Amino acid sequence: MDVTTSSFLGGTAHGFLGRAGGLSTGIYAGLNVGLGSDDEREAILENRQRAKAAVLTDSELVTLHQVHSADVVTVTGPIALDARPHADAMVTDKPGLLLGILTADCVPVLLFDPSAQVVGAAHAGWKGAIGGVTDNTLSAMEKLGASRESIRCAIGPCIAQASYEVDAGFQQNFVAKDPDNAQFFEAGKPDHFQFDIESYVADRLAKAGIGTIDKLGLDTYAHEDRYFSYRRSCHRGEAGYGRQISLIGLQA
């Protein structure tokens, strides 16, 4: 099992999992946890159990039906797979619940306030990131008693700038939102740019008042042996792609 942790989140169970250690085969080989993929459902369910056991054994895994939104839910108890909310971030102050965010190039963000004992997990694709999913996650954590002065964040495996080519219209959309966003784009081939989404998400967190942010700098696209990548699968014309999971929870 490939589990990356952050020293910034010490004191709570968490992990950014890779693709090693699962039952899936073929293009989904490894620990594919994506229920939206065409992988065998039995393998996906077993992979999810293995992921949970690797981070917080005696817990209830909670995941979402992610839709690239900026919506956040406050989790107070277990959620059945067929009742997953359509949202892209979760927060909780309840021990024994393991929050799981699925990604395959998008940015997974895990958050923890050790003083208030509140955790959060966010899926920040570019739509959710520019829409404010991390800001909304922080606000939801505050409603549970967390404070921005105490919240610590870690940004897990995601597509790196060298691997993330976007067109000029994409870049202009971000710069129109905030001229400071120009710093996250490097000129590439004509009318194209390379986007540093990891740094953009970190900047959003910093501007929102978070002082402790760990950027792990792990490129999902470049490291096929470790991570699933939506963009890599598209470039290869593959029929589908797997998803890895990032987990955080409070000990019961």
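Please refer to the structure higher up on the page.
Residues numbered from 1 in each chain as written. Predicted model: local features only at pLDDT ≥ 70, side-chain atom pairs only at ≥ 80, totals over all residues. Heavy atoms only, no water.

A. Structural view of the overall build of the chain. Across its full length, the chain holds 6 helices and 14 strands. For a compact globule of 252 residues, the expected C-alpha radius of gyration is about 18 Å, and the chain comes in at 17 Å, within 12% of that figure. The contacts of the chain with a sequence gap of at least 6 include a subset with a gap of at least 24, amounting to 65%. Counting every atom, the chain has about 10300 Å² of accessible surface; 46% of that belongs to carbon and sulfur. Charged side chains of the chain number 21 positive and 31 negative; the gap between the two group centres comes to 2 Å. (Helix = DSSP H or I, 4+ residues; strand = E, 2+ residues; numbered from the N terminus. Rg over C-alpha atoms; globule rule 2.2 N^0.38 Å. Contact = heavy atoms within 4.5 Å. Areas by Shrake-Rupley, 256 points an atom, 1.4 Å probe, with all protein chains shown as cover. Lys, Arg positive; Asp, Glu negative; His and termini not counted. Charge placed at Lys NZ, Arg CZ, Asp CG, Glu CD.)

B. Focus on the state of the cysteines. Under the definition given, this model contains 0 disulfides. We note that Cys106 lacks a disulfide partner, and the nearest cysteine sulfur, in Cys158, lies 9.1 Å from it. (Disulfide = S-S within 2.5 Å.)

C. Broad picture of the side chain of Gln194. Mapping Gln194 onto the fold places it in strand β12 (residues 192–195). Not counting chain neighbours up to four residues away, the residues in contact with Gln194 comprise Gln161, Ala162, Ser163, Tyr164, Glu165, Phe184, Phe185 and Glu186.

D. Quick peek at the sheet that holds strand β3 (residues 60–62). Taking strand neighbours across the sheet as the criterion, the 5 strands line up as β1-β2-β14-β6-β3 in an open arrangement whose pairing is mixed. Either end of the sheet is taken by a strand with one partner, and the two such strands are β1 (3–4) and β3. Across the face of the sheet, helix α1 (residues 41–55) comes into contact with β1, β2 (13–17), β3, β6 (97–103) and β14 (244–249) while running at roughly 135° to β2. (Pairing = 2+ DSSP bridges. Axes fitted to C-alpha atoms, helices over the stretch in contact; angles between N-to-C directions.)

E. Local environment of the sheet that holds β12. Pairing is antiparallel in the open sheet, where 3 strands are placed in the order β10-β12-β11. Since the sheet does not close on itself, it has two edges, and those belong to β10 (165–167) and β11 (185–187), each with one partner. Between one strand and the next, the sheet's axes are offset by a mean angle of 40°, whatever the strand orientation. As defined by bridge partners, β10 adjoins β12 across 3 bridges and the pair is classed as antiparallel.

F. Examining the packing of helix α3 (residues 133–143) against helix α5 (residues 197–207) more closely. Running from amino to carboxyl end, α3 crosses α5 at an angle of 40°, the nearest separation of the two axes being 9 Å. Looking at the two axes, α3 sits oblique to α5. Once α3 is placed against α5, the crossing between them reads as right-handed. Every residue of α5 that contacts α3 at Thr134, Asp135 and Leu138 is listed here: Val201, Arg204 and Leu205. Per-class residue counts for the contact of α3 with α5 are 3 nonpolar, 1 polar and 2 charged. (Parallel < 35°, antiparallel > 145°, perpendicular 65-115°, else oblique. Left-handed = near helix turned anticlockwise from the far one by under 90°. Nonpolar A, V, L, I, M, F, W, Y, C, P; charged D, E, K, R; others polar.)

G. Representation of α3 in the model. Residues of α3 that are buried include every one of Val133, Thr134, Thr137, Leu138, Ala140 and Met141, and no others. Taken end-on, α3 shows its buried residues confined to a sector of 160°, consistent with a single buried face. Considering only its buried residues, α3 is in contact with β4 (72–74), β5 (89–92), β7 (107–113), β8 (118–124), α2 (126–131) and α5. Positive phi appears at Gly145, one or two residues downstream of α3, with a value of about 105°. (Buried < 20%, exposed > 50% of the residue type's maximum accessible area, 1.4 Å probe, protein only. Arc of directions from axis to C-beta.)

H. How the structure looks around the nonpolar core. Membership of the largest hydrophobic core comes to 37 residues, with the highest contact counts inside it found for Val109, Phe195, Val201 and Leu205. Looking at which element gives the most residues to this core, the answer is α5, with 5 residues. Leave out the neighbours within four places in its chain, and Phe195 touches Ala160, Gln161, Tyr164, Val166, Phe170, Phe174, Phe184, Phe185 and Tyr200. Grouped together as the second largest cluster of nonpolar side chains are 18 residues, Ala87, Leu110, Val119 and Leu250 included. (Core = buried A, V, L, I, M, F, W, Y, C linked by side-chain atoms within 4.5 Å.)

None of this, on its own, says anything about what the molecule does.
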